[in-house]
Amino acid sequence: MNQPQAHRISIPSLLKVGKGTLNEIGVFLKENHFDQVVIYFGNGLIRLFGDTVFDSLHQNAITLLHSEELDTTDIDAIVKIAFSISSKTDAIIGIGGGKVIDVAKYAAFLRKIPFISVPTSASSDGFSSSSASLLVNGKRTSVPARLAYGIIIDTNVIKSAPDPFIYSGIGDLISKITALYDWLYEHQQGYSTLDDFAYMIAKKAVNSFVRTPFTSIKDDLFLKELVDSLAMSGIANEMAGNSAPSSGSEHLISHALDKLMDVPLLHGIQVGIATYLMSKVQNHRWQRVNTVLTDTGFWSYTKTLQLKREDFEKAIDLAPTIKPNRHTFIHEEKYRNQAKMLLLNDPIFKQIFSE
């Protein structure tokens, strides 16, 4: 008789979140016995952060085998990059936004080398997840990647990022409310098995964030809660063995928008809008979602984007095909119809959409 198995999961061994942690990157690497490293920076970031990082490596006798800026997520290009990495490399470090983090983690996955995630914005939970969003045959596609051995987040750097990147992180984090409700719905309908512990971790992450008092989205406590909760979200996915704890119907709408729009918005902006939409369809905590998106200035920002209702209507219809093996609210026609009616009639959407 087969016995039930306890969780066996990977979690980051190194987690440093706070002011000035980028200055200490060499210390953290030395403490974890990473003596020879490769670093990939996001476009333009060597000028901003290179001296800080290189000085810290030098002071701690860390050998920099290679560094460069990358601005591609094409999977074929990344495969070439990965297999050009020296066999002496102890760790691959990605410093920047979602693009370069995804490149570094996928290269680390291919070469089976520890990956250190150093995000410079809190625009999504990608810095802590074990998947990467890459271009495969010209289409943005989610592929397996390397869970970070370590995560280093300098809240001073996060604070210096443009506001839209913080709004994106807010949108991505608040989406756990609808994603978890979708996962519970799937479980109740017999389409999925709920992992209670992963569910609890993801729920605690979003609840901790939405209850954080703030006067500005640049408040130190607010930013620390945002990045801490995004990191916990990635761990919940690792526990579940899939992205269900953090990605539901709202993410399917966003992925559909990626395919439909010539120039998609930041991931978390699309997700945040779709989260409010699906929370109303689910009739689940939509007041809380709206409060967060209002008080942080997220809605005020989206009003400046000249969004087209038609794009979201098409995305709603396309969304179920993104992951046909799942069964979220958006997979049912009656809820898709309800969502499209809300696009027309909800007071928030009347303010942010143009015809």
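Residues numbered from 1 in each chain as written. Predicted model: local features only at pLDDT ≥ 70, side-chain atom pairs only at ≥ 80, totals over all residues. Heavy atoms only, no water.

Participant: Looking at this model, I keep getting lost on the overall build of the protein. Mind explaining?
Facilitator: Summing up its helical and strand segments, the protein has 16 helices and 10 strands in all. Taking 20 Å as the expected radius of gyration for a compact globule of 355 residues, we find that the protein reaches 20 Å, a close match to that expectation. Across its three principal directions, the C-alpha atoms of the protein cover 60 × 60 × 40 Å. The 355 residues of the protein split such that 54% are buried. Of the contacts made within the protein by residues no fewer than 6 positions apart, 76% connect residues no fewer than 24 positions apart. With the model as given, the accessible surface of the protein reaches about 15600 Å², and the carbon-plus-sulfur share is 49%. Looking at the protein, you have 35 positive and 37 negative side-chain charges, and the mean spots of the two groups are 3 Å apart. (Helix = DSSP H or I, 4+ residues; strand = E, 2+ residues; numbered from the N terminus. Rg over C-alpha atoms; globule rule 2.2 N^0.38 Å. Buried < 20%, exposed > 50% of the residue type's maximum accessible area, 1.4 Å probe, protein only. Contact = heavy atoms within 4.5 Å. Areas by Shrake-Rupley, 256 points an atom, 1.4 Å probe, with all protein chains shown as cover. Lys, Arg positive; Asp, Glu negative; His and termini not counted. Charge placed at Lys NZ, Arg CZ, Asp CG, Glu CD.)

Participant: Explain the pairing of strand β7 (residues 139-144) to me, please; I cannot follow it from the model alone.
Facilitator: Both strand β6 (residues 131-136) and β7 contribute to a ladder of six bridges, which runs antiparallel. Counted as the bridge partner of V136 is K139 from β7. Turn length for the β6-β7 hairpin, with the two strands adjacent in sequence and antiparallel, is two residues, and the turn residue N137 shows positive phi of about 55°. (Pairing = 2+ DSSP bridges.)

Participant: Sorry if this is basic, but what is going on with unusual backbone geometry here?
Facilitator: Trans is the prevailing form of peptide bonds, just as negative phi is the prevailing case for residues other than glycine. The phi angle at R285 is positive, at roughly 55°, despite the residue not being glycine. In this structure, R285 sits in the loop between α11 (267-282) and α12 (286-295). Residue classification places R285 among the partly exposed positions, given a relative accessible area of 24%. A positive phi angle, close to 55°, is found at Q306, a residue other than glycine.

Participant: Explanation requested: the sheet that holds strand β8 (residues 150-154) in the structure shown.
Facilitator: Whether parallel or antiparallel, the strands of a sheet pair through hydrogen bonds between backbone atoms. Taken in spatial order, the six strands line up as β1-β8-β5-β4-β2-β3 in an open sheet, and their pairing is parallel. Sheet topology places β1 (14-18) and β3 (63-70) at the edges, where each strand pairs with a single neighbour. Put simply, the sheet's adjacent strands are angled 15° from each other on average, direction ignored. (Axes fitted to C-alpha atoms, helices over the stretch in contact; angles between N-to-C directions.)

Participant: So what exactly am I meant to see when it comes to the pattern of salt bridges here?
Facilitator: A side chain with one charge may pair with a side chain of the opposite charge, provided their charged atoms come close. Following the criterion strictly, the structure yields 13 salt bridges and no others. Across the salt bridge formed by D220 and K19, the nearest N and O atoms sit 3.0 Å from each other. Highlighted residues: D220 in helix α9 (residues 220-240) and K19 in the loop between β1 and α1 (25-31), separated in sequence by 201 residues. The exposure class assigned to D220 is partly exposed, which follows from its relative accessible area of 30%. Overlapping salt bridges, with partners in common, bring together K19, K159 and D220 in one network. (Salt bridge = Lys/Arg side-chain N within 4 Å of Asp/Glu carboxyl O.)

Participant: Whenever I open this one, helix α4 (residues 98-111) confuses me. Can you help?
Facilitator: Within an α-helix, residues lying three or four positions from one another point in the same direction, as the helix has 3.6 residues per turn. Between the first and last C-alpha of α4 there are 20 Å, a value that for 14 residues agrees with the 20 Å anticipated at 1.5 Å per step. Following α4 by one or two positions, K112 adopts a phi angle in the positive range, close to 55°. (Expected span 1.5 Å × (residues − 1).)

Participant: Is there a simple way to explain the pairing of β8 in this structure?
Facilitator: Regular strands have side chains that alternate between both faces of the sheet. Where burial is concerned, most of β8 is hidden: five out of the five residues are buried. Of the two faces of β8, the one carrying G150, I152 and D154 and the one carrying I151 and I153 are both buried. Relative to β8, β1 runs parallel, the two being bridged by five bridges. Bridge pairing in β8 links V17 to I153.

Participant: What's the story with the packing of helix α10 (residues 249-260) against α11 in this structure? I'm lost.
Facilitator: In a pair of packed helices, the angle between the axes and the distance between the axes together describe the arrangement. Packing of α10 against α11 brings their axes to within 8 Å, and their N-to-C directions diverge by 135°. Considering their axes alone, α10 and α11 lie oblique with respect to each other. Judged by the twist between their axes, the crossing of α10 over α11 is right-handed. Along its contact with α10, which presents S249, E250, H251, I253, S254, H255, L257 and D258, the element α11 presents H267, Q270, V271, A274, T275, L277, M278 and Q282. Grouping the constituent residues of the contact of α10 with α11 by class yields six nonpolar, eight polar and two charged. (Parallel < 35°, antiparallel > 145°, perpendicular 65-115°, else oblique. Left-handed = near helix turned anticlockwise from the far one by under 90°. Nonpolar A, V, L, I, M, F, W, Y, C, P; charged D, E, K, R; others polar.)

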